Amino acid sequence: MWRSVWRSIDRFSLQHFKYVINELRQIKVVDRNNREVVIDLLQSLVEIVTYGDRQDPMIFECFMEYQVLAEFVRVLKISRNSRIEAPLLQYLSIMIQNMGSEQAIYYCLSNDYINKIIEHTYEFDAGDLAPYYMSFLRAVSNKINRDTLCLLVKVYRDVVTSFPLYTEALKFAHHGEKMIQTAVRALTLNIFNVSDDMVYQFVATPPASKYFSDLVHSLREKCILLDGLVKATEEKYTDQKKRDILLESDKIIDDMYYFKDILSVGESRLSKVVSKDLLSLLVFPILLPLLQMQQSNGFHVSAVTSLYIVSQLLQVVGGKNIINYVAVVLLYPYMTLHIRDAIEGETTDASNAYSFYNLLHELEIVKFFSLKSEGEEDVNGNHVSAHVESNASSNSDLDSFPMDGDTCVERKGILAYINSENHILLFASLFLLLILAENKDLDSLMASAIGLSEMQDTTKYDISASLVGKSNILMRLMPQVLNALLKVLASQAPSCALIQLHTGWFLQKLLSFQGNRLNDHHLQLFNTSYQRSCERLQKELDGGWFDQILETLRDEWANCKTALEEPLQSKNPLFALELAFCQQTTDGSTTSSKFSWQTMVDAVKVFTLHVQLKTFIVKGNLLENPFLELTSGPATDSEISQSSDLSSASFGSEVFLGSGFPCRIAFSNAGVRDIYLIPVARGISGKLILAEKHPFRSQRGVVIAIAPLAGLSVSFDIGKADSQIVFMILMRSTF
């Protein structure tokens, strides 16, 4: 009887749902006294609505009839310093995220309730409200499509005049918390991918379009900060500075991937405004001063950082427009000069010479060169616009370019860095040209000018073969480039293994383009470098880590082959910044065991690299690992019986105990054991062998441990009184 009276209430019933709604309607003011009660009511409403959306249609009909979303709006308005906003937004996010039916989503986005919640005046400075607010906006954006997006915008004469979901989210675009920035970007991409024509017009038109220029300005600031870290690292290297550089470069790459996602939407107006901002605010301000075509206008970064940023942009963002804009700017001086020479020498028809300018018109690059950003002058307008607008019958525009002959050209622009004595600038500039040359979006005229394209189609712009051949930049400079790379390899003071490995990658890449041909001088340089790599490895055979060389060869052979075969698009341009401080990484004494180990590993790396390069030069392919058959497993009986030479002793092998010192050693896990300590020396290096006496052979022992000792300078001063005692201090290695 009593059980039926006190029967539990079904908290997901329609009756209980109405009860909760009525309870919430009784609330006239939300303050700290009733805050928890209101939170419980909101939670119950969301739980029941979520259940009803999937299980009970009557509940959602009641939700619409009672206009429950209006109650959420009312609660926000009657709040008096209750801090109810965060839990209210959280429960709303949960409810919207879990709605599955199109009817429920359509209703929630209609009647302007969501917009009122979005536009409510919040106090974001107090507490952690911003993450809940952005989570709510993101949840809404996840549910929009072409049928529901119109419910969130206000339109006048087919023009969007207000879009609170988008504009309010952009206010947090540069929030200090990474999670909020990510939410903003996810929200904007959700909106862009809906493919609504009026919304595209809204986001691509001021003032909403200012968001993209602000993003580029933020990216510029990150580039300046990265450059400052690079310059500080050149003065003094620390592991922390390296971590800072990696962290800052990751931020730059994240921004670039966001731009790539926007361009991948494929909407022309969106792509145009983003490309324009990237080119006019980032690419041109970097490239034009770098190529000595314009003075810097307040945005200045070092050459190596500039080359890194542009290379990273081409790799990550790419796209036909950006690729070709960068190519035109890089190659403009050389194309202009060779066209002028062709006209003056009457080696080709004058109309062919202006094919390059036709390309400028096709790309509409004149507009970008004459763009003015706030506080900046025209971007190289005198160099390009004058050429394009000039009369074809006049060569004054060509004469105006401040260059005189090929020699001068090769000291200007991008070739100034390719011909630089600084191998880091050589690598960075060459890498940039390779990215352009191998990009499928590069215009055929530009690909022919660079000279590494496998198919140089000159029919599109009617360029004669003689003109293309003469303006073939990299192929003309190939002997100089190969010479510079081989000089790095053969340098008297051996550079770090990382520099040599990158040098080998570039060599292998360029040789594959020109059929592995080296002239006699180049072969002499390579043979000199190869001989020095052999000498370095030979020297390590007398070092303290000589017994680890074979194992290291096996590992580094595979690593070297993988590094040389790395595709261009997979290679991280960050290597240029890493090389700037790779020669500063020596810590501590050069006689330490850690330094000796690294010296041995570097010698093996460099030797392996040279063997692979030699094979590639001779045969055109890389060697497979010849050490794969060598294993480090336990020795067989036959191997044990033959391992009497102490210098070649390994774990588990038998050794002669005649030169050993008998002693008792206490092991932490094995107690006290009778052990023979056998020193093995070669020059100033050696090792200590711990051997346990063989149970059946009195003069033989089994090796249980080997400790390499590098950089030894051992002397014994044993008096008569203690002639049977050797004092040793055994320290745990920090390596």
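Residues numbered from 1 in each chain as written. Predicted model: local features only at pLDDT ≥ 70, side-chain atom pairs only at ≥ 80, totals over all residues. Heavy atoms only, no water.

*Asks:* Could you give an account of unusual backbone geometry, naming the residues involved and the relevant values?
*Replies:* Across the junction of Pro206 and Pro207, the peptide omega takes the value 5°, indicating a cis bond. With respect to the secondary-structure elements, Pro207 resides in the loop between helix 12 (197-203) and helix 13 (210-235). With a phi angle near 50°, Gln67 is a residue other than glycine that sits in the positive phi range. The residue Gln67 is located in the loop between helix 4 (57-65) and helix 5 (68-77) in this model. In this structure Gln67 comes out as partly exposed when scored by relative accessible area, which is 39%. In this structure, Asn81 is a non-glycine residue whose phi angle is positive, near 55°. Inspection of the secondary structure puts Asn81 in the loop between helix 5 and helix 6 (85-97). (Helix = DSSP H or I, 4+ residues; strand = E, 2+ residues; numbered from the N terminus. Buried < 20%, exposed > 50% of the residue type's maximum accessible area, 1.4 Å probe, protein only.)

*Asks:* Describe the packing of aromatic side chains, with residues and values.
*Replies:* The tally for this structure, following the rule as stated, stands at 23 aromatic pairs. Ring plane angle 80° and centroid distance 5.0 Å describe the contact between Phe124 and Phe172, whose orientation is recorded as edge-to-face. Residue Phe124 is found in the loop between helix 8 (113-119) and helix 9 (129-141), and its partner Phe172 is found in the loop between helix 10 (164-170) and helix 11 (178-192); the two are separated by 48 residues along the sequence. We classify Phe124 as partly exposed; its relative accessible area is 26%. Classification of Phe172 by relative accessible area gives buried; the value is 9%. Their ring planes at 85° and their centres at 5.0 Å tell us that Trp505 and Phe506 sit as a pair that is edge-to-face. An aromatic cluster is defined as three or more aromatic residues linked by ring pairs; in this entry it consists of Phe163, Tyr166, Phe192, Phe202, Tyr211 and Phe212. If you follow Lys571 out to its NZ or CZ, it ends over the ring of Trp505, 4.6 Å from the centre. It is Lys614 that lies over the ring of Tyr530; its NZ or CZ is 4.4 Å from the centre. (Phe/Tyr/Trp six-rings, centres within 6.5 Å; stacked < 30°, edge-to-face > 60°. Lys NZ or Arg CZ within 6 Å of the ring centre and 35° of its normal.)

*Asks:* Kindly report on the environment of Val216, identifying the contributing residues and their values.
*Replies:* Secondary-structure assignment places Val216 in helix 13. In sequence terms Val216 and Phe259 are 43 residues apart; their C-alpha atoms lie 9.4 Å from each other. Discounting chain neighbours no more than four positions away, the residues touching Val216 are Phe259, Asp277, Leu278, Leu281 and Leu282. (Contact = heavy atoms within 4.5 Å.)

*Asks:* Kindly report on the pattern of salt bridges, identifying the contributing residues and their values.
*Replies:* In total, this model carries 23 salt bridges according to the counting rule given. A salt bridge links Lys171 to Glu168, with the shortest nitrogen-to-oxygen separation between them at 3.1 Å. Between Lys231 and Asp227 there is a salt bridge, and its shortest N-O distance comes to 3.1 Å. Placement of the pair is Lys231 and Asp227 together in helix 13, with a separation of four residues, close to one helical turn. On the accessibility criterion, Lys231 (37% relative accessible area) is partly exposed. Among the residues examined, Asp227 registers a relative accessible area of 2% and is labelled buried. A network of salt bridges, in which partner residues are shared, links Arg25, Glu71 and Arg74. (Salt bridge = Lys/Arg side-chain N within 4 Å of Asp/Glu carboxyl O.)

*Asks:* So what's going on with the pairing of strand 2 (residues 159-162)? Residues and values would help.
*Replies:* As paired strands, strand 1 (residues 154-156) and strand 2 are joined by three bridges and run antiparallel to one another. Within the sheet, the bridge partner assigned to Tyr156 lies in strand 2 and is Val159. (Pairing = 2+ DSSP bridges.)

*Asks:* Quick one: what's the story with the nonpolar core, residue by residue and with numbers?
*Replies:* A general trend in soluble globular proteins is that nonpolar side chains are found buried together. Residues Phe17, Phe63, Phe72, Phe136, Phe163, Tyr166 and Leu330 are the most contacted members of the largest nonpolar core, which totals 203 residues. The contact partners of Phe63, leaving out residues within four places of it in the chain, are Phe17, Val49, Val68, Leu69, Met95, Tyr107 and Cys108. Ranked by size, the runner-up nonpolar core spans nine residues in total, among them Leu657, Tyr676, Ile678 and Ile689. (Core = buried A, V, L, I, M, F, W, Y, C linked by side-chain atoms within 4.5 Å.)

*Asks:* Go over helix 7 (residues 102-109) with me, naming the residues and quoting the values.
*Replies:* Among the residues making up helix 7, those that are buried are Ala104, Ile105, Tyr107, Cys108 and Leu109. Considering only its buried residues, helix 7 is in contact with helix 3 (35-55), helix 4, helix 5, helix 8 and helix 9. Looking at the residues trailing helix 7, positive phi occurs at Asn111, about 65°.

*Asks:* Summarise the packing of helix 29 (residues 497-513) against helix 31 (residues 549-564); cite the residues concerned and give the values.
*Replies:* Between helix 29 and helix 31, whose axes approach to 9 Å, the crossing angle comes to 50°. Judged by the angle between their axes, helix 29 and helix 31 are oblique. Relative to helix 31, helix 29 is oriented so that their crossing is right-handed. Of the residues in helix 31, those in contact with Leu501, Gly504, Trp505 and Gln508 of helix 29 are Cys560, Ala563 and Leu564. Grouping the constituent residues of the contact of helix 29 with helix 31 by class yields five nonpolar, two polar and no charged. (Axes fitted to C-alpha atoms, helices over the stretch in contact; angles between N-to-C directions. Parallel < 35°, antiparallel > 145°, perpendicular 65-115°, else oblique. Left-handed = near helix turned anticlockwise from the far one by under 90°. Nonpolar A, V, L, I, M, F, W, Y, C, P; charged D, E, K, R; others polar.)

*Asks:* Please provide a residue-by-residue account of the side chain of Asp255, values included.
*Replies:* Within the element layout of this structure, Asp255 appears in helix 14 (residues 239-264). At a separation of 2.7 Å, a polar atom in the side chain of Asp255 contacts the side chain of Arg185. Excluding its chain neighbours within four sequence positions, the residues that come into contact with Asp255 are Arg185, Leu219 and Lys222. (Polar contact = N/O pair within 3.5 Å; in protein donor to acceptor, adjacent residues only side chain to side chain.)

*Asks:* How would you summarise the side chain of Asn324 if you had to cite specific residues and measurements?
*Replies:* In this fold, Asn324 is placed in helix 17 (residues 320-344). Exposure remark for Asn324: the relative accessible area of 2% places this residue in the buried category.

*Asks:* Help me get a handle on helix 5, residues and values and all.
*Replies:* Residues separated by three or four positions in an α-helix point in the same direction, a consequence of the helix having 3.6 residues per turn. Of all ten residues in helix 5, seven are buried; the element is thus mostly enclosed. Against helix 2 (14-25), helix 3, helix 4, helix 6, helix 7 and helix 8 lie the buried residues of helix 5.

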